[in-house]
Amino acid sequence: MIKKSVKIEIDKIIKDVWLEDICEDYGNGLLIKEASLQCALYHHLRLRLADILEKNNLYIYPEFYFKDLKYRADLVIVEMDMDMQTSYLSSRVTDIASVIELKYDGGTAKTTEKYIKSDLPKLRQYFQSLPYKCQLY
């Protein structure tokens, strides 16, 4: 089980990365599509969360598949038991700290808003269905 204090620290770092590093990457023209945004966010989170991840058996899991919901989340920060004997990596997840859904649209603000809103039902399903008390982004 991930401690509440660890989840709070992860939350702060995710927000800092988004407002600082991702904004800088976007401003510098480094993000060209959603996959590059996902890679950039993963990179910055790995750097800033390195100590927390290591000390708490946490991993940033890209394209995590929620079997029961039939959804694939862009990034999920999970606690895993790597000693567990199972053929599926996702079966080693013991807790979830954060679920991150990303959208990248180079179009107008009007289309971007519509595009982002398309993920709201997915986030609602995560909130209602996940057995973990995790942050949703």
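Everything here concerns the structure above.
An account of the accompanying structure is given in this report. Because the structure is a prediction, the values reported are computed rather than measured. (Residues numbered from 1 in each chain as written. Predicted model: local features only at pLDDT ≥ 70, side-chain atom pairs only at ≥ 80, totals over all residues. Heavy atoms only, no water.)

1. So, the nonpolar core
At step 1: Ile10, Leu41, Leu45, Leu49 and Ile77 are the most contacted members of the largest nonpolar core, which totals 23 residues.
At step 2: Of all the secondary structure elements, the ones that give two or more residues to this core are helix H1 (4–27), helix H2 (34–55), strand E1 (58–66), strand E2 (71–80) and strand E3 (93–100).
At step 3: Ranked by residues supplied to this core, first place goes to H2 with seven residues.
At step 4: In contact with Ile10, other than residues within four places in its own chain, are Leu49, Ile52, Leu58, Ile77, Ala97 and Ser98.
At step 5: Membership of the second largest hydrophobic core comes to 15 residues, among which are Phe66, Val78, Val93 and Tyr126. (Core = buried A, V, L, I, M, F, W, Y, C linked by side-chain atoms within 4.5 Å. Buried < 20%, exposed > 50% of the residue type's maximum accessible area, 1.4 Å probe, protein only. Helix = DSSP H or I, 4+ residues; strand = E, 2+ residues; numbered from the N terminus. Contact = heavy atoms within 4.5 Å.)

2. A short note on H1
Along an α-helix, residues three or four apart share an orientation, since each turn contains 3.6 residues.
At step 1: Under the 1.5 Å per step criterion, the end-to-end length of H1 is 33 Å for 24 residues, consistent within 8% with the ideal 34 Å.
At step 2: Along H1, the sharpest change in direction is near 35° and occurs at Val17.
At step 3: Along H1, the residues that are buried comprise Val6, Lys7, Ile10, Asp11, Ile13, Ile14, Val17, Asp21, Ile22 and Asp25.
At step 4: Among the structural elements, H2, E1, E2, E3 and strand E4 (135–136) are those in contact with the buried residues of H1.
At step 5: Positioned one or two residues after H1, Gly29 has a phi angle of 70°, which is positive. (Expected span 1.5 Å × (residues − 1). Bend = angle between axes of the 7 residues up to and from the residue.)

3. Regarding the packing of aromatic side chains
At step 1: Going through the model one piece at a time under the given rule, you end up with five aromatic pairs.
At step 2: On the numbers, 4.8 Å between centres and 70° between planes, the contact of Phe64 with Phe66 is edge-to-face.
At step 3: In this structure an aromatic cluster arises from ring pairing among Tyr61, Phe64, Phe66, Tyr71 and Tyr126. (Phe/Tyr/Trp six-rings, centres within 6.5 Å; stacked < 30°, edge-to-face > 60°.)

4. Quick notes on a nonpolar patch on the surface
At step 1: Residues Tyr59, Met82 and Leu89 make up a contiguous nonpolar surface patch of about 240 Å² in total accessible area.
At step 2: Tracing the backbone shows Tyr59 in strand E1.
At step 3: Classification of Tyr59 by relative accessible area gives partly exposed; the value is 32%. (Patch = residues over 30% accessible without salt bridge, like charges linked within 9 Å, V, L, I, M, F, W, Y side chains within 5 Å. Areas by Shrake-Rupley, 256 points an atom, 1.4 Å probe, with all protein chains shown as cover. Salt bridge = Lys/Arg side-chain N within 4 Å of Asp/Glu carboxyl O.)

5. Considering the side chain of Asp11
At step 1: With respect to the helices and strands, Asp11 occurs in helix H1.
At step 2: Taking relative accessible area as the criterion, Asp11 reaches 15% and is therefore assigned buried.

6. Description of the layout of surface pockets
At step 1: Of the voids in this model, the largest pocket is the one considered here, and its volume is about 540 Å³.
At step 2: For the largest pocket, the lining is made up of 21 residues, of which Trp18, Leu37, Leu102, Lys103 and Ile116 are closest to its centre.
At step 3: Listed by contribution, the elements that provide at least two residues to the lining of the largest pocket are H1, H2, helix H3 (109–117) and helix H4 (120–129).
At step 4: Residue composition of the lining of the largest pocket, grouped by class: 15 nonpolar, one polar and five charged.
At step 5: The calculated volume of the second largest pocket comes to roughly 360 Å³.
At step 6: Lining the second largest pocket are 17 residues, and of these Phe64, Tyr65, Phe66, Lys67 and Ser90 sit closest to its centre.
At step 7: Taken together, the elements giving at least two residues each to the lining of the second largest pocket come down to E1 and E3.
At step 8: Classifying every residue of the lining of the second largest pocket gives 10 nonpolar, three polar and four charged. (1 Å grid on protein atoms, 1.4 Å probe; cavity = no way out; pocket = protein on both sides within 12 Å on 5 of 7 lines; lining within 4 Å. Points joined across faces, edges and corners; volume = space filled by probe spheres on them. Nonpolar A, V, L, I, M, F, W, Y, C, P; charged D, E, K, R; others polar.)

Geometric descriptors of this kind do not, in isolation, establish any biological role.
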